[in-house]
Amino acid sequence: MARRGSSDGGAAAPGPKKKRWARTRQLKQVYDMTVRVDPPTRWWLLLAFAGPIVLGLLVGLLAGHPIYFTILGLLLGVLAATFVLGRRAERAAYVNLEGQKGAAGAALSSIRRGWTIEQEPVAAEARTQDMVFRALGRGGVVLVGDGPPSRVRKLLEAERRKVARVVPNVPVHLFTVGDGGAEGEVPLRKLASRVQRLKPQLTKQEVAAVQKRLKALGGIRPPVPQGIDPLRARPDRRAMRGR
């Protein structure tokens, strides 16, 4: 008797065991990364997991149902440990990003909905590698400087003027990634939440219209190769005549 195959001839979908193994492996990778950056995480996880179990056992002994309350505490412990790992992993991820070029753009990209995030910088300084990233939502236009705050301010102001020429009546918010000591400075880990807390000032229709106008600004122009003066460059006339 012929062995029955799949109707589409493709590979079979991964079974529940493979999916569970993939999730477990991913969870272990997150745990390893978090503990490497933040070693106390292992003790916080132990406390979050064991605390509800011990509390459930004590309540169960007093209520006369130790097994039931211990199992309930076990389930709560798993949930609590998962929550703590998620929060500590997020913090560890931002610690890894701090000081790296493009960190502001990566932090903005963590915003899930309500905002349109430009994946590439809208302005950059080739010499210093300072960058400006842009986001658009109902709170207006957000420009975030990626570089030393005292230096990236000029790049931010230049980009703000460009945006103001295209959408003059739309609020533009300027932020720089820093320790939060000066006006407009936001710690990297708080950047996404700070943007999301901006008060809505545009409707969804206005956001769509602003998005179309911002596209007119274009992206970053490719740099001119070193040693070439664009004002003195001359076309190759022989090539133009086909010689």
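These numbers were taken from a predicted model, which means no experiment stands behind them.

**Some words on helix α7 (residues 204-214)**
In step 1: Among the residues making up α7, those that are buried are V207, V210, Q211 and L214. The arc that holds the buried residues of α7, viewed along the axis, is 105°, so those residues lie on one side. Turned more than 90 degrees off the buried face of α7, the exposed positions are Q205 and K212.
In step 2: At its buried positions, α7 is contacted by β1 (115-117), β3 (131-137), β4 (140-146) and α5 (149-166).

**Considerations on the layout of surface pockets**
In step 1: Each pocket or cavity is described by its volume, and for the largest pocket that value is around 280 Å³.
In step 2: Considering the residues around the largest pocket, the lining is formed by 13 residues, among which R87, E90, R91, Y94 and R189 are closest to the centre.
In step 3: Elements that contribute at least two residues to the lining of the largest pocket include exactly α3 (66-97) and α6 (191-196).
In step 4: No other element matches the five residues that α3 contributes to the lining of the largest pocket.
In step 5: In the lining of the largest pocket, the residues fall into three nonpolar, three polar and seven charged.

**Section: a positive patch on the surface**
In step 1: There is a patch of like positive charges on the surface, built from R87, R91, R189, K190, R194 and R197.
In step 2: By the element assignment, R189 lies in the loop between β6 (185-186) and α6.
In step 3: Exposure remark for R189: the relative accessible area of 45% places this residue in the partly exposed category.

**Description of α5**
In step 1: Spanning 18 residues, α5 covers 25 Å between terminal C-alpha atoms, matching the ideal 26 Å at 1.5 Å per step.
In step 2: Residues of α5 that are buried: V152, L155, L156, E159 and V163.
In step 3: Each element contacted by the buried residues of α5 is listed here: β2 (123-124), β3, β4, β5 (172-177) and α7.

**A look at the side chain of D146**
In step 1: Secondary-structure assignment places D146 in strand β4.
In step 2: Side-chain polar atoms of D146 contact the backbone nitrogen of A104, separated by 3.0 Å.
In step 3: Those residues within four positions of D146 in sequence are excluded, and the remaining contacts are Q100, K101, G102, A103, A104, Q129, D130, M131, F133 and V152.

**A closer look at the UniProt feature "transmembrane region" (unreviewed entry) in the protein chain**
In step 1: As annotated by UniProt and renumbered to match this structure, "transmembrane region" (unreviewed entry) occupies residues 43-61 and 67-86.
In step 2: The span residues 43-61 is 100% helical and 0% strand by assignment, and the distance between its end C-alpha atoms comes to 26 Å.
In step 3: Its end C-alpha atoms 29 Å apart, residues 67-86 is made of 100% helix and 0% strand.

**With respect to the packing of aromatic side chains**
In step 1: For the coordinates displayed, the defined rule picks out one aromatic pair.
In step 2: When the ring of Y68 is compared with that of F69, the centres are 5.2 Å apart and the planes differ by 85°; the resulting orientation is edge-to-face.
In step 3: Relative accessible area serves as the criterion here: at 21%, F69 is assigned to the partly exposed category.

**A few points about the confidence of the model for the protein chain**
In step 1: Averaged over all residues, the pLDDT of the protein chain is 78; the fraction at 70 or higher stands at 79%.
In step 2: Taken together, the stretch residues 1-11 has pLDDT below 50 and engages in zero contacts with residues farther than four places along the chain or on a different chain.

**Focus: unusual backbone geometry**
In step 1: The phi dihedral of Q129 falls on the positive side, at around 65°, and the residue is not glycine.
In step 2: Relative to the helices and strands, Q129 is located in the loop between β2 and β3.
In step 3: On the basis of relative accessibility, which here comes to 49%, the residue Q129 falls in the partly exposed class.

**Things to note about the side chain of R134**
In step 1: Tracing the backbone shows R134 in strand β3.
In step 2: On the basis of relative accessible area, R134 is assigned to the buried category, the value being 5%.
In step 3: The residues contacting R134, other than those within four sequence positions of it, are T116, I117, E118, V122, V141, V142, L143, E159, L214 and L217.

Thresholds applied
Residues numbered from 1 in each chain as written. Predicted model: local features only at pLDDT ≥ 70, side-chain atom pairs only at ≥ 80, totals over all residues. Heavy atoms only, no water. Buried < 20%, exposed > 50% of the residue type's maximum accessible area, 1.4 Å probe, protein only. Helix = DSSP H or I, 4+ residues; strand = E, 2+ residues; numbered from the N terminus. Arc of directions from axis to C-beta. Contact = heavy atoms within 4.5 Å. 1 Å grid on protein atoms, 1.4 Å probe; cavity = no way out; pocket = protein on both sides within 12 Å on 5 of 7 lines; lining within 4 Å. Points joined across faces, edges and corners; volume = space filled by probe spheres on them. Nonpolar A, V, L, I, M, F, W, Y, C, P; charged D, E, K, R; others polar. Patch = residues over 30% accessible without salt bridge, like charges linked within 9 Å, V, L, I, M, F, W, Y side chains within 5 Å. Areas by Shrake-Rupley, 256 points an atom, 1.4 Å probe, with all protein chains shown as cover. Salt bridge = Lys/Arg side-chain N within 4 Å of Asp/Glu carboxyl O. Lys, Arg positive; Asp, Glu negative; His and termini not counted. Charge placed at Lys NZ, Arg CZ, Asp CG, Glu CD. Expected span 1.5 Å × (residues − 1). Polar contact = N/O pair within 3.5 Å; in protein donor to acceptor, adjacent residues only side chain to side chain. UniProt positions renumbered as here; feature names shortened; annotations may be inferred. Phe/Tyr/Trp six-rings, centres within 6.5 Å; stacked < 30°, edge-to-face > 60°. pLDDT = per-residue confidence, 0-100.

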